[in-house]
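Chain residues, written in single-letter form:
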Amino acid sequence: MEVVIAPAPELARLAAGAVEDLLRRRPDAVLGLATGSSPLAVYDELARRHTEQGLSFARVRAFMLDEYVGLSMDHPQRYRNVIDTEFAARVDIAPDAVQGPDGLAADLPAACAAYEQAIADAGGVDLQLLGIGTDGHIAFNEPGSSLASRTRIKTLTEQTRVDNARFFDGDVDQVPQHCLTQGLATIMSARHLVLLATGRGKAEAVHQLVEGPVSAMWPATILQHHPHVSVLVDNAAASRLQLADYYRGAYASKPAWQGL
Ligand code: F6R
């Protein structure tokens, strides 16, 4: 696990750079897309590189982490719509190349199984962008999630609904109670995980993720078992890291050729 502590704009450039390096090596790569506020600056940077530098997503396929259950097709906070607005519509990715769990399916367990199959059929995810919840969730794997979980329906915690109310006019009652989410084992199958966290509100979750004992109580701690994780945090999100000086020194002395 590599921890990079840097100002937020630099973190976005690093994450976008990892995507670009991947696409230069493998133009038909499979990307894993997160929603929420953490990856937005990355999508801005990728859109800029597409427009100004010709970075192409024409052969890319992408899978989303999660989706609310029950939000109408045209709801602006339906994650599929958010990804279209923030990313897909701004680059040259094919419209049918982005998939997400179907939160409007009549048979939700079948939709989850189909989603797992679609990821497997695509050969798995090469690079997965991640945020982290203040309660340590990744995707919507809330505390208590099985460390071996696959895509399934989950109930959001009150904390997550309160945190996400800002996307729903500040009204927690508008935040759905249920979601479909890739499981922790699904996420662990991706080949490179790039997690972004900014702000003091994420400091405890980041400390647990990097330095805490692996536990379903802090679901993100499962990433300690992954061989290739990049944890990109600003000073505020890093403020509870016990080995922050070590991570800073290691990054400062990192060989230039290495990349994330
Ligand atoms: C969203 C997702 C969530 C968010 C997390 C942090 O697809 O998977 O795990 O990454 O809730 O959200 P923000 O970035 O809004 O703080």
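Residues numbered from 1 in each chain as written. Predicted model: local features only at pLDDT ≥ 70, side-chain atom pairs only at ≥ 80, totals over all residues. Heavy atoms only, no water.

Q: Which parts of the structure should I look at to understand unusual backbone geometry?
A: The general pattern is negative phi for most residues beyond glycine and trans for most peptide bonds. A positive phi angle, near 45°, is found at A139, a position not held by glycine. Structurally, A139 can be placed in the loop between strand 6 (127–130) and strand 7 (152–155). Exposure remark for A139: the relative accessible area of 7% places this residue in the buried category. The phi dihedral of D169 is positive, around 55°, even though this residue is not glycine. With respect to the element layout, D169 can be found in the loop between helix 5 (158–164) and strand 8 (178–181). (Helix = DSSP H or I, 4+ residues; strand = E, 2+ residues; numbered from the N terminus. Buried < 20%, exposed > 50% of the residue type's maximum accessible area, 1.4 Å probe, protein only.)

Q: I would appreciate a short explanation of the sheet that holds strand 8 in the present structure.
A: Backbone hydrogen bonds are what pair the strands of a sheet, in a parallel or an antiparallel way. Sheet architecture is open: 3 strands sit in the order 4-8-7, paired in antiparallel fashion. Edge positions in the open sheet fall to strand 4 (66–68) and strand 7, since each of these has one partner strand only. If you compare each strand with its neighbour and ignore which way they point, the axes differ by 30° on average. As judged from the 4 bridges shared by strand 7 and strand 8, these two strands associate in the antiparallel manner. Residue K154 lies in a different strand from strand 8, and its bridge partner there is C179. (Pairing = 2+ DSSP bridges. Axes fitted to C-alpha atoms, helices over the stretch in contact; angles between N-to-C directions.)

Q: Explain the side chain of E20 to me, please; I cannot follow it from the model alone.
A: Within the secondary structure, E20 sits in helix 1 (residues 8–25). Within the structure, E20 has its side chain in polar contact with the side chain of R24 (distance 2.5 Å). Within the structure, E20 has its side chain in polar contact with the side chain of R49 (distance 2.8 Å). Contact partners of E20, with chain neighbours within four places excluded, come to R49, Q53 and L55. (Polar contact = N/O pair within 3.5 Å; in protein donor to acceptor, adjacent residues only side chain to side chain. Contact = heavy atoms within 4.5 Å.)

Q: Mind showing me how you'd approach the site of the ligand here?
A: In the vicinity of the ligand lie 16 residues, with T35, S38, H137, A139 and K202 positioned nearest. Within the backbone of S37, an N or O atom sits 2.8 Å from an oxygen atom of the ligand. A distance of 2.7 Å separates an oxygen atom of the ligand from a polar atom in the backbone of A139. Per-class residue counts for the shell around the ligand are 6 nonpolar, 7 polar and 3 charged. (Near = heavy atom within 4 Å. Nonpolar A, V, L, I, M, F, W, Y, C, P; charged D, E, K, R; others polar.)

Q: I keep staring at the packing of aromatic side chains and nothing clicks. Help me out?
A: Aromatic ring pairs: the centre-centre distance and the angle between the two ring planes describe each pair. Scanning the entire structure with this criterion turns up 8 aromatic pairs. Their ring planes at 70° and their centres at 5.8 Å tell us that F63 and Y115 sit as a pair that is edge-to-face. Of this pair, F63 sits in strand 3 (residues 61–64) while Y115 is found in helix 4 (residues 108–121), placing the two residues 52 residues apart along the sequence. Neither residue differs from the other here; F63 and Y115 are each classed as buried. A centroid spacing of 5.8 Å and a plane angle of 40° characterise the contact between Y68 and F140, whose relative ring orientation is tilted. Of the two residues, Y68 is situated in strand 4 and F140 in the loop between strand 6 and strand 7; the sequence distance between them amounts to 72 residues. Among the aromatic residues, those joined into a cluster by ring pairs are Y68, Y79, F140 and F168. (Phe/Tyr/Trp six-rings, centres within 6.5 Å; stacked < 30°, edge-to-face > 60°.)

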